[in-house]
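Structural features, examined
Letter by letter, the chains look like this.
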Amino acid sequence: MSSGGVLEHFTYIVTVFLMVAGLYVVIARGNLIKKLVGLSVFQTSVYLLYIAPGKLIGGTAPILSPHYTVYSNPLPHVLILTAIVVGVATLALGLALAVRIKETYGSIEEDEITAADNAVQDAEDARS
Amino acid sequence: MNLVEHLPALQVVLPLLSAPLAVLLRHGGIAFAVVTAGAWAAFATAIGLWLQVGEVGVISYHIGSWAPPWGIEYRVDRLASFVLLLVAGTAAIVLPWSRASIEREIPRELHYLYYAMFGLCLAGLLGITITGDAFNIFVFLEISSLATYVLIALGRDRRALTAAYRYLIMGTIGATFYVIGVGFLYLMTGTLNLVDMAERLRDVESSRPVLVALAFITVGVSLKLALFPLHQWLPNAYTYAPSAVTAFLAATATKVSIYVLIRFWFSVFGETLIFERLPLPEILLLLSLAAMFAASFIAIFQDNLKRLFAYSSVGQIGYITLGMSFDSVSGLTAAIVHLFNHGIAKAAIFLLIGGLVLGLAKPGGAPPAPTFDRLAGLARRMPLTCFGIVIAGLSLIGVPGTAGFISKWYLILAAMEAGQFWLVGAILLSSLLAIAYVWRFVEVAYFRPAPEAAGRQEASLGLLLPAWLLVIATLWFGLDTSFSVGSAAEAARFLVKVGG
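Residues numbered from 1 in each chain as written. Chains lettered and ligands numbered in written order. Predicted model: local features only at pLDDT ≥ 70, side-chain atom pairs only at ≥ 80, totals over all residues. Heavy atoms only, no water.

A few words now on the pattern of salt bridges. All names here are of chain B. For the structure on display, the rule yields ten salt bridges over all chains. Salt-bridge contacts for Arg 75 lead to Glu 73; the nearest nitrogen and oxygen are separated by 2.9 Å. Ionic pairing is found between Asp 77 and Arg 263, a salt bridge with its closest N-O pair at 2.9 Å. Here Arg 263 lies in helix 10 (residues 243–269) and Asp 77 lies in the loop between strand 2 (73–76) and helix 3 (78–105), a separation of 186 residues in the sequence. For Asp 77, a relative accessible area of 6% gives the class buried. (Salt bridge = Lys/Arg side-chain N within 4 Å of Asp/Glu carboxyl O. Helix = DSSP H or I, 4+ residues; strand = E, 2+ residues; numbered from the N terminus. Buried < 20%, exposed > 50% of the residue type's maximum accessible area, 1.4 Å probe, protein only.)

If you want it as structure tokens, here you go:
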């Protein structure tokens with residue numbers, strides 16, 4: 001680790017790039033689907049964050065055998081398996097909500113939805 | 001096999017089982033029975049665990065008999081058992097109430113799904129509280145969050161959909177931040193068990209990954225608990241969700257997140273790191289004050305009663321985090337007591353508002369939004385409902401004789417103990433804002449003439465009874481504090497001692 005260099009930290013650089021890019025898309029885009037894509041990329045970066053340090057080059061699964069002495073840590077993989085399921089469920093629910101929003105508002109652009117809500121709010125205020 | 005021995009597992013498994021059962025049975029009435037039975041069983045289990053903690057101190061349960069730190073450990077101490085009681089108790093009261101209310105708010109063919117989601121949400125919240133494993137917290141956090149998004153989206157107003165979507169985005173960012181933080185901690189310590197982690201962290205405490213982990217976990221959990229500038233998802237979510245869902249979430253979801261923050265700050269990272277080497281208490285103090293003033297101030301100008309009390313929730317969370325920022329036994333006691341007292345008062349208020357809007361609905365029609373123009377003179381039509389809201393509102397203000405007074409009393413004691421007398425003034429001043437928003441309801445409901453002369457038309461007993469049970473609880477815990485303050489003080493002493 002001490003010698004540094006881009007290649008040595010390659011996985012970390014990719015992880016951080018995906019993390020920041022995903023979060024940026026979530027914040028900067030007004031389209032509900034694009035936001036979900038960003039959210040997915042953001043979550044995916046976490047999978048890398050967990051899995052990459054768990055892998056040792058030349059390491060195998062931790063099975064007791066006289067032929068192997070170097071093992072990779074299997075626990076991060078198991079954790080991320082769970083995290084992937086969570087990510088898929090979140091994405092599915094988000095897309096389902098986007099579909100329902102499209103059905104009721106007729107749009108998936110955040111500014112148009114806000115405008116529609118404000119119009120309803122103004123009408124309510126005018127009535128009272 | 002001894003049943004008592006397995007109470008920690010049953011605490012989560014029973015409500016978790018009730019959810020898929022409700023989906024498989026596909027019938028509203030049966031689903032209601034199954035999930036309510038699950039919630040009541042969870043409540044009974046929580047009482048059992050509370051008693052057991054009194055006898056043995058800390059219960060450590062090894063899932064599948066795998067010894068920690070390798071296996072997942074369920075760990076129940078005084079704080080956990082106290083929060084479990086709050087969550088399971090609220091669910092046990094809200095679920096029977098919700099039967100009559102969702103009849104008018106949710107299409108009948110979706111009822112069984114509503115109950116299934118409620119069961120999942122409950123199981124998730126209980127799981128977060130009981131587990132002693134950092135990654136397990138994330139899994140339960142997502143179980144409860146995903147169920148919560150669905151429950152909010154079931155609201156009748158179309159804005160419920162956008163509220164649920166926004167909460168989904170914010171909540172997922174929060175949960176992902178949390179899991180990034182846990183990832184760093186795992187890299188540094190090689191363990192996920194919270195107790196084990198706390199021990200191993202002492203050697204690497206001030207290294208940069210640990211500080212990054214602390215930052216990610218704090219911000220992520222703060223998003224979920226709606227700490228002041230991160231509360232944007234909360235008002236719309238509470239306003240447009242079905243009444244029963246609002247009541248349940250207001251009493252439990254944010255409170256469980258506060259529990260997670262307390263757990264990480266005091267049990268895992270430890271007080272020396274949080275309170276002595278980093279400026280975290282100052283930051284938390286400022287954000288809490290901002291919440292107490294800004295959110296309460298915004299609440300005064302709301303036209304929708306549900307939204308008014310949603311902003312009030314953000315302000316009240318400020319009092320809880322203020323108690324945390326003192327780093328003293330009395331401060332933490334105040335925080336934990338207020339967590340409980342505010343939970344029951346807010347659940348009571350949102351249940352009563354739910355009864356109110358059902359009373360406003362046309363026969364067979366859907367309940368309208370509780371805007372102030374519709375509430376004029378309503379106290380004559382629904383005296384018991386309105387009176388209940390006023391009493392629970394007094395608890396939000398902190399009037400002596402209500403539970404809210406007790407928590408503010410301990411908060412003021414903690415402020416004086418810390419030598420910060422100006423904070424006493426700030427707490428009292430912000431209570432004036434609470435008087436202002438509660439008074440708005442009193443003025444409209446009691447002193448404004450009703451638009452049409454309507455006779456007394458009180459909400460049905462099934463709606464009144466659970467809500468009034470909570471109102472009476474607010475009064476009870478304002479007079480007899482041996483349970484609430486006793487548990488909170490014991491939990492606070494334990495946390496501060498362990499961390500120090």
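A few words on the domain arrangement of chain B. Residue and element names in this part refer to chain B. For chain B, the assigned domains are domain 1 (1–269) and domain 2 (279–500). Centre-to-centre, using C-alpha coordinates, domain 1 lies 22 Å away from domain 2. Taken residue by residue, the interface counts 47 residues in domain 1 and 55 residues in domain 2. Across the interface of domain 1 and domain 2, roughly 4500 Å² is buried in total on both sides, 79% from carbon and sulfur atoms. When the buried surface of domain 1 facing domain 2 is broken down by residue, Phe 82, Trp 97 and Phe 266 rank first, second and third, together holding 18% of it. Notably, a salt bridge pairs Glu 490 with Arg 78, separated by 3.2 Å at the nearest N-O pair. (Domains from an automatic or database assignment. Contact = heavy atoms within 4.5 Å. Buried area = accessible area lost by both parts, 1.4 Å probe.)

Looking now at the layout of surface pockets. Each pocket or cavity is described by its volume, and for the second largest pocket that value is around 460 Å³. Elements represented by at least two residues in the lining of the second largest pocket include exactly helix 3 (75–105) of chain A together with helix 5 (134–153) and helix 7 (194–204) of chain B. When residues of the lining of the second largest pocket are assigned to their parent elements, the largest contribution, four residues, is made by helix 3 of chain A. Taken together, the residues that form the lining of the second largest pocket break down as twelve nonpolar, six polar and three charged. (1 Å grid on protein atoms, 1.4 Å probe; cavity = no way out; pocket = protein on both sides within 12 Å on 5 of 7 lines; lining within 4 Å. Points joined across faces, edges and corners; volume = space filled by probe spheres on them. Nonpolar A, V, L, I, M, F, W, Y, C, P; charged D, E, K, R; others polar.)

Residues and elements named next belong to chain B. Between helix 17 (residues 383–397) and helix 20 (residues 461–479), the least distance of the axes is 10 Å, while the angle of their chain directions is 30°. By the angle class used here, helix 17 and helix 20 are roughly parallel. Considering how the two elements wind past one another, helix 17 and helix 20 form a crossing that is left-handed. The residues of helix 20 that touch helix 17, namely those facing Leu 384, Thr 385, Phe 387, Gly 388, Ile 391 and Ser 395, are Leu 464, Trp 468, Val 471, Thr 474 and Leu 475. Of the residues belonging to the contact of helix 17 with helix 20, the class tally is seven nonpolar, four polar and no charged. (Axes fitted to C-alpha atoms, helices over the stretch in contact; angles between N-to-C directions. Parallel < 35°, antiparallel > 145°, perpendicular 65-115°, else oblique. Left-handed = near helix turned anticlockwise from the far one by under 90°.)

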